[in-house]
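# Report on the structure
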Amino acid sequence: MKKRVISMLLATLMVGGALAGCANNAGGGAGTSEDGSAAEGDGSVKEFTAFFAVPHAEINADNEIQQIIAEKTGVKVTETWLTGQQAEEAVGTLIAGGEYPDFVDAGDGSVQMYEAGALVALDDYLDKYPNIKEFFTEQEWDSLRQSDGKIYWIPQFSNIYGEERVCAHNDEAFWIQTRVLEEAGYPEVHTMDQYFDLIESYYEKHPTMEDGTPIIPYTILCEDWRYFCLENAPQFLDGYPNDGSVIVDTDTMKIVDYNTTDTAVKYFKKLNEEYKKGIVDKESFTQTYDEYIAKLSTGCVLGMIDQWWDFAYTAGDALKAAGLDKKGCQYVPLPITIEEGMKNQWHNSGGIVHTSSGLAITTSCKDVEGALQFVDDLLSQDIMNLRFWGVEGVDYNVGEDGMFSKTQEMRDNDADTAYKASHKCEYAYFPQWEGTSRDGKNAMKPEQQETEFFDGLSEDLKKCFEAYGAKTYVEMLGTTPPPGPWYPMYTFSQTMTTATPGGLANKNMDDCKHMYLPKVVMADDFDAAWKEYMDAYNACKPEDFLSEMQAELDRRVAEAAKYEN
Amino acid sequence: MSRQKNEQLSEIKKVEFSKQLKKQWVLVAWSVFFVIYGLVFYYAPLVGWLMGFQDYKPKDGILHSKWVGLSTFKNLFSNPDYLGVIRNTLAMGVINLIATTIMAILFAILLNEIVGQKKKKVIQTISYLPHFLSWIIVTGILHDALSGSGIVNELLLKFHLVPQAVNFFAHEVYFWPIVAFANVWKETGWNAIIYLAAITAIDPSLYEAAAIDGAGRLDKIRYVTIPGIKSTIIILLIMNVGNVLNAGFEIQYLLGNGLVQRVSRTIDIYVLDWGISQMNYSLGTAAGIFKSAVSIILILICNEIAKRHGEERLF
């Protein structure tokens, strides 16, 4: 009996504790948003949900800027990101379940979402929202129409307002640490041979870091879909831009398969040589993305090929936090082509409409107009500043001339993940502008503000840029306008499914490359391995894929011609 | 008990059936609960199998998709990839089953031989803790331990067993053993619990008798312990054979990479890859149906074999 009384007591205590916990939380939540009392008072903050089929850092539930945006727009969106799954798996599961969040960006699975009837057509709404309407030209909106002639999603990125402002090269490149260049006296590097010579000679002199960590001269990220780092370099080496999946020969307007070009052979042969020399990290093909980022974060990797966004916001911040930016461990891109004296197109100027995916509203959303109103509000200058610059006086200062700038402390905060999670709220996968702010002076985003960008650089980076006569990452490479209205072709290949012969071939080619490209690089006998690879590759019927790409190229060129008159 | 008494008893039971039902209503209620659970979570989803015989489109749903008969299955089995996947699944399933069973029995017997309750308890607790780790953690540990600078390579290099670090995840030959090892490491202690229980149930007088007959430790294990747990072993084997095709999903998914994909993909991964990622729900369902069918057949065969040899069986 005694026992029973005690256990009852304990149970009551626990329930009481849990309730108290809730109450406390509620109190705390209200407390943090003192100036949010107005919005909370009339209780009109609408809550929406969103799912984005990409991994991303989560923000805290009581994020400060999210709260401010909620006060101004009356809307708060709870975002969910991809964790531990592939995008296709997540989207496939969503469709199979038949229940959706209000907002979704299904990435490569967007067409499947549309085909499953999960998305709301936006055509009837667009005219009511000036900021959304303004986001694209008529031609661009038309390029987003699906097979039923309606628009279902809004691509969020690479859309430039006013004058383009670019500092970071947010794309692929061969990257190298500034200390390697510094030691060699900042030589011009234009070929893979020169690139690897530099790395080799540095590695010979410095086999370890100061603390004894062994240096990894060159590593290749090869996990899952991120194997593009290994796979698509031949297109750039041949001087073509990132059409992804294929090269478009601008002279003949024909699709070229970059997997089988002579350049591809040379590129993989070079990697094979370097692998045998021990320059290419032996774990390249078995490491996970996390392991890769961990390696880069220690500063021990001299060079790699990757997309800027794939490492800069994780490993890049970690390098800064560890003070390795003062030791020349930060990366700069190099304009490398297969032979000396070729034009490179690692960097293209101008915006891109990523027609294959974007922010969509699902049929599960009960208040489509409210949702779109929020998107419209997010694009207003006031909220754009809040999303990307932050709170005036806290995250940036405004000079007398109206220019925004940050103090070093503010910059340090920007690299602090804990601070970002509690304070900053970019609504990162909602539509957003690049380029120049509506005030005509500032950039839409701080990383594009030239003065701010240069002031925020480490001494080593400044020295390096100056040595090459560059002020930004982009100037290290030079820039070219996009090649034509079809660009980039990957927005089509991403939407392919195995339902068509081309899509099936694409999937098989992908599986094949996943297996054979590492084998080729690791092979003792490169030529035999390459032959084996080519046999397996040709068995995947790449011609089916290429002919569908050619048809799409022709369609896009014809489509664009309609608007020229 | 005599036959007469037996009949009497059943008489009484019949008469008092309703009374007993009343008395045991709690038990009945619980079993109803579990029957409902089973219906909802094991039988209701089987409606989804219809997709395997359709050209399923999410927009049309099961009710309006086109029926295609067995053509999805034909496609499936004409695909060399799928045949490879079946081979991988079977191979890893069988290796895992044999390895984990033998290790669990061995471990249970060895543990039983330990004198001193306290030591035994400590060892047992430690040994089954890995069971509670999720695969993501286990594969993380494996990845670290087997990496170029991991403990395994470090040891191999220190003892000059290999000229340079072995990249365990880059070669197909290592994959199945690694998976088997991981399973053994994770599950041995846990699986041994049931064998240990079986061993404790053996009548101690048998051991005493054996000792009087001059049996040593090994003889006791051979002639008393193993025969004593034989029926447990067989029942568990039958049950586990049905699980052979559940060779795993997480571990292969997490440890696999492009280089070893030919030996690392299991049916579950294939279903995920084609059924969910490529949204070919029909193909994924068909692959899943095949797996279930084979599992049922395997159980029936094993049960039959057990029956023929006069051993314990499931049904």
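Owing to the predicted nature of the structure, the values given are computational and were not obtained by experimental measurement. (Residues numbered from 1 in each chain as written. Chains lettered and ligands numbered in written order. Predicted model: local features only at pLDDT ≥ 70, side-chain atom pairs only at ≥ 80, totals over all residues. Heavy atoms only, no water.)

So, on to the overall build of chain B. Counting its regular elements, chain B contains 16 helices and 2 strands. At 25 Å, chain B has a C-alpha radius of gyration far larger than the 20 Å of a compact globule built from 315 residues. Across its three principal axes, chain B shows a C-alpha extent of roughly 65 × 65 × 35 Å. Residues counted as buried form 38% of the 315 residues belonging to chain B. Considering only contacts within chain B whose residues lie at least 6 apart along the sequence, 65% involve residues at least 24 apart. Carbon and sulfur atoms provide 67% of the accessible area of chain B, an area that totals close to 19,100 Å². (Helix = DSSP H or I, 4+ residues; strand = E, 2+ residues; numbered from the N terminus. Rg over C-alpha atoms; globule rule 2.2 N^0.38 Å. Buried < 20%, exposed > 50% of the residue type's maximum accessible area, 1.4 Å probe, protein only. Contact = heavy atoms within 4.5 Å. Areas by Shrake-Rupley, 256 points an atom, 1.4 Å probe, with all protein chains shown as cover.)

On to the pattern of salt bridges, then. Under the counting rule described, the total for this entry stands at 46 salt bridges over all chains. When the shortest N-O distance is used, the salt bridge between A:Lys424 and A:Asp414 registers 3.8 Å. Placement of A:Lys424 in the loop between helix H19 (417–423) and strand S15 (434–435) and of A:Asp414 in helix H18 (residues 408–414) is noted, with a sequence separation of 10 residues between them. The exposure class of A:Asp414 is partly exposed, given its relative accessible area of 21%. A salt bridge links B:Arg262 to B:Glu172; its shortest N-O distance comes to 3.4 Å. (Salt bridge = Lys/Arg side-chain N within 4 Å of Asp/Glu carboxyl O.)

Taken together, the 29 residues of chain A in the interface contact 27 residues of chain B. Taken over both partners, the interface formed by chain A and chain B buries close to 2,300 Å², and the fraction arising from carbon and sulfur atoms is 56%. When residues of chain A are sorted by the area they lose upon contact with chain B, A:Thr286, A:Lys507 and A:Met515 head the list and together hold 23% of the total. Where chain A meets chain B, there are 2 salt bridges. Joining chain A to chain B, the criterion identifies 8 residue pairs in polar contact (both at pLDDT 80 or more). For the side of chain A that touches chain B, the elements supplying multiple residues, two or more each, are helix H4 (87–97), helix H5 (110–115) and helix H24 (501–522) of chain A. Looking at which element gives the most residues to the side of chain A that touches chain B, the answer is H24(A), with 9 residues. Considering only residue class, the side of chain A that touches chain B consists of 10 nonpolar, 10 polar and 9 charged. (Buried area = accessible area lost by both parts, 1.4 Å probe. Polar contact = N/O pair within 3.5 Å; in protein donor to acceptor, adjacent residues only side chain to side chain. Nonpolar A, V, L, I, M, F, W, Y, C, P; charged D, E, K, R; others polar.)

Residues and elements named next belong to chain A. Counting through the fold element by element, threonine 495 comes out in the loop between helix H23 (490–493) and H24. On the basis of relative accessible area, threonine 495 is assigned to the buried category, the value being 16%. Here phenylalanine 492 takes part through its backbone oxygen, which lies 2.7 Å from a polar atom of the side chain of threonine 495. Among residues more than four places away in sequence, those in contact with threonine 495 are Val111, Gln112 and Ser356.

A few words now on the domain arrangement of chain B. Interface extent is often summarised as the accessible area lost during association of the parts. All names here are of chain B. Here the domain parsing of chain B yields domain 1 (1–69) and domain 2 (71–308). Computed from C-alpha atoms alone, the centre-to-centre distance between domain 1 and domain 2 is 31 Å. The partner domain 2 presents 9 residues to the 11 residues of domain 1 that form the contact. Counting across the interface, domain 1 meets domain 2 through 0 salt bridges. Scanning the region where domain 1 abuts domain 2 turns up 6 residue pairs in polar contact (both at pLDDT 80 or more). (Domains from an automatic or database assignment.)

We now examine helix H17 (residues 381–388) of chain A. All names here are of chain A. Across the 8 residues that make up H17, a large majority, 7, are buried. Residues of H17 that are buried in the fold lie against helix H3 (64–73), helix H16 (368–378) and strand S14 (404–405). The first or second residue beyond H17 is glycine 390, which carries a positive phi of 105 degrees.

This part is about the nonpolar core. The biggest cluster of nonpolar side chains holds 102 residues, and the ones touching the most others in it are A:Phe174, A:Leu181, A:Tyr195, A:Tyr218, A:Leu230, A:Tyr267 and A:Phe268. The element best represented in this core is H24(A), accounting for 9 residues. Beyond its immediate sequence surroundings of up to four residues, A:Phe174 is in contact with A:Met192, A:Tyr195, A:Tyr218, A:Leu237, A:Tyr267, A:Met304, A:Ile305, A:Val332, A:Pro333, A:Leu334, A:Ile336 and A:Trp346. Formed by 69 residues, the second largest nonpolar core is a distinct cluster that contains A:Tyr100, A:Ile151, A:Ile154 and B:Met279. (Core = buried A, V, L, I, M, F, W, Y, C linked by side-chain atoms within 4.5 Å.)

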